[in-house]
Amino acid sequence: SWNTNLNCWVMMMAKAEGPSWKGSSIYISFNKNADLGKGQNSQDWSAPQKLLDKPGHTLWYPSLQPVNTPSDKANKYTSLRLGRQARLFFKDMHGDKSDYLSEYLIEFEKR
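Residues numbered from 1 in each chain as written. Predicted model: local features only at pLDDT ≥ 70, side-chain atom pairs only at ≥ 80, totals over all residues. Heavy atoms only, no water.

**As for unusual backbone geometry**
Turning to step 1, where the next piece is worked out: A positive phi angle, close to 55 degrees, is found at Tyr61, a residue other than glycine.
Turning to step 2, where the next piece is worked out: Tracing the backbone shows Tyr61 in strand β5 (residues 58-65).
Turning to step 3, where the next piece is worked out: Its identity is not glycine, yet Lys76 carries a phi of approximately 55 degrees, on the positive side.
Turning to step 4, where the next piece is worked out: Its location among the elements puts Lys76 in the loop between α1 (70-74) and β6 (81-82).
Turning to step 5, where the next piece is worked out: Residue Lys76 is classed as exposed on the basis of its relative accessible area, which comes to 68%. (Helix = DSSP H or I, 4+ residues; strand = E, 2+ residues; numbered from the N terminus. Buried < 20%, exposed > 50% of the residue type's maximum accessible area, 1.4 Å probe, protein only.)

See below:
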């Protein structure tokens, strides 16, 4: 996803640590190059930072989606083009449940 607030690409990852994609954590990484097809830009991602860990759960398919505020709608934000805030969605498998959840709001801030 391109983040218009940070002017960078954002990549979400679930860490697989066992068979059948078992893993309890979700990570985020950033790339400040607008054109990922130029030179080695596609390889210039920051070190992944852990966002979430739910031991005993299998988390996968993380996705950032717009919050759908009036500003988000006016700016036509989508999962491919995000603003200052985004909702984190992910699949959470635990016991006999397998839910697609959105429990967290991510706020992006320039540093």
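**As for the sheet that holds strand β8 (residues 97-107)**
Turning to step 1, where the next piece is worked out: One open sheet holds the three strands; their spatial order is β5-β7-β8, and the pairing between them is antiparallel. In this open sheet, the two strands that pair with only one neighbour each are β5 and β8. For this sheet the average axis-to-axis angle between neighbouring strands, irrespective of direction, equals 20 degrees.
Turning to step 2, where the next piece is worked out: Where strand β7 (residues 85-94) and β8 come together, nine bridges link them in antiparallel fashion. The residue of β8 that forms the bridge with His94 is Lys97. (Pairing = 2+ DSSP bridges. Axes fitted to C-alpha atoms, helices over the stretch in contact; angles between N-to-C directions.)

Bear in mind that shape data such as this cannot, by itself, settle questions of function.
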